Amino acid sequence: GDYGPSEYDISIVRKDGEVRHLHVFRKEVLWDGERQFQVLYNDITERKRAEEELRFSNILLSTQQEVSIDGILVIDEKGRILSFNQQFVRMWGIPPEVIETRSDELAIKAVLNNLADPQGFLEKVNYLYAHGNETSRDEIFLKDGRTFDRYSAPMLGADAKNYGRVWYFRDITE
């Protein structure tokens, strides 16, 4: 027979109706010539609950981000794109191969030719990256006649650690 270990998760309903989730580790062993089972149970109910809450939070955040009329871009403290919505990509016309690199530097290079004042745009971006705790709001003018409202704020943790920056862009041409 198979004496190797096996692991699996099960859900049980207690007499009081509460559902508990268990991780089971089972191993068959020979003991004095007889087959015996060693079984360890680990209650993972709280972990499962936390995983479900995290899944829900992620769905909520991604839905909020995608239904926004703003283009949203989130950059970590190293200049890597953490998150963006499709409105951001559409507004700026960023090619898929550029956004897939997750490089903020390449994304900026991809949009510079669309700007009426590319140098001023770069100066403001560089200033904000150098002054990580500042917020900013201004207007950006594009060569095609569109105007974007740009708002940027740092992502600060409870301990005041800077985790990067969020950029919001809204087409205010009308």
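Residues numbered from 1 in each chain as written. Predicted model: local features only at pLDDT ≥ 70, side-chain atom pairs only at ≥ 80, totals over all residues. Heavy atoms only, no water.

Details of the overall build of the chain
Working step 1: Regarding its fold elements, the chain presents five helices and eight strands.
Working step 2: Secondary structure elements of the chain, listed N to C terminal, follow the sequence β-β-β-α-β-β-α-α-α-α-β-β-β.
Working step 3: Relative to the compact-globule value of 16 Å for 174 residues, the chain shows a C-alpha radius of gyration of 26 Å, a clear excess of over 25%.
Working step 4: Along the first, second and third principal axes, the C-alpha set of the chain runs to 85 × 35 × 30 Å.
Working step 5: Buried residues in the chain amount to 30% of all 174 residues.
Working step 6: Counting only carbon and sulfur atoms, one obtains 53% of the accessible surface of the chain, whose full area is about 11600 Å².
Working step 7: If you average the places of the 23 positive and of the 31 negative side-chain charges in the chain, the two averages end up 2 Å apart. (Helix = DSSP H or I, 4+ residues; strand = E, 2+ residues; numbered from the N terminus. Rg over C-alpha atoms; globule rule 2.2 N^0.38 Å. Buried < 20%, exposed > 50% of the residue type's maximum accessible area, 1.4 Å probe, protein only. Areas by Shrake-Rupley, 256 points an atom, 1.4 Å probe, with all protein chains shown as cover. Lys, Arg positive; Asp, Glu negative; His and termini not counted. Charge placed at Lys NZ, Arg CZ, Asp CG, Glu CD.)

Observations regarding the pairing of strand β3 (residues 34–43)
Working step 1: With ten bridges connecting them, strand β2 (residues 19–31) and β3 associate as antiparallel partners. Bridge assignment links Trp-31 to a residue of β3, and that residue is Glu-34.
Working step 2: Here β2 folds back onto β3 in antiparallel fashion, the turn holding two residues, of which Asp-32 has a positive phi close to 50 degrees. (Pairing = 2+ DSSP bridges.)

Considering the pattern of salt bridges
Once their charged atoms are close, side chains differing in charge can pair, the charge on each being opposite to the other.
Working step 1: All told, the structure shown has 16 salt bridges when counted by the stated rule.
Working step 2: The shortest N-O distance in the salt bridge between Arg-35 and Glu-28 comes to 3.1 Å.
Working step 3: Among the residues examined, Arg-35 registers a relative accessible area of 47% and is labelled partly exposed.
Working step 4: In this structure, Arg-150 engages Asp-138 in a salt bridge whose closest nitrogen and oxygen atoms are separated by 2.7 Å. Here the residue Arg-150 occupies a position in strand β7 (residues 147–156), and Asp-138 occupies one in strand β6 (residues 136–141), the gap between them amounting to twelve residues.
Working step 5: With relative accessibility at 3%, the residue Arg-150 sits in the buried group. (Salt bridge = Lys/Arg side-chain N within 4 Å of Asp/Glu carboxyl O.)

A closer look at a nonpolar patch on the surface
Working step 1: A cluster of nonpolar side chains, contributed by Phe-37, Val-39 and Tyr-41, occupies part of the molecular surface with about 320 Å² of accessible area.
Working step 2: In this structure, Phe-37 sits in strand β3.
Working step 3: By relative accessible area, which is 46% here, Phe-37 ends up partly exposed. (Patch = residues over 30% accessible without salt bridge, like charges linked within 9 Å, V, L, I, M, F, W, Y side chains within 5 Å.)

Regarding the packing of aromatic side chains
Working step 1: Evaluated as defined, the whole model comprises seven aromatic pairs.
Working step 2: Taking the centre distance of 5.0 Å and the plane angle of 85 degrees together, the rings of Trp-92 and Phe-148 count as edge-to-face. Of this pair, Trp-92 sits in helix α2 (residues 86–92) while Phe-148 sits in strand β7, and the two are 56 residues apart along the sequence. As far as burial versus exposure is concerned, Trp-92 and Phe-148 are alike and both buried.
Working step 3: Relative to Phe-169, the ring of Trp-167 has its centre 6.4 Å away and its plane inclined at 10 degrees; by these criteria the two rings are stacked. (Phe/Tyr/Trp six-rings, centres within 6.5 Å; stacked < 30°, edge-to-face > 60°.)

A few points about the side chain of Asp-104
Working step 1: Among the structural elements, Asp-104 can be located in helix α4 (residues 104–111).
Working step 2: Within the buried core, Asp-104 has no salt-bridge partner, and the shortest N-O distance to an opposite charge, that of Arg-165, equals 8.8 Å.

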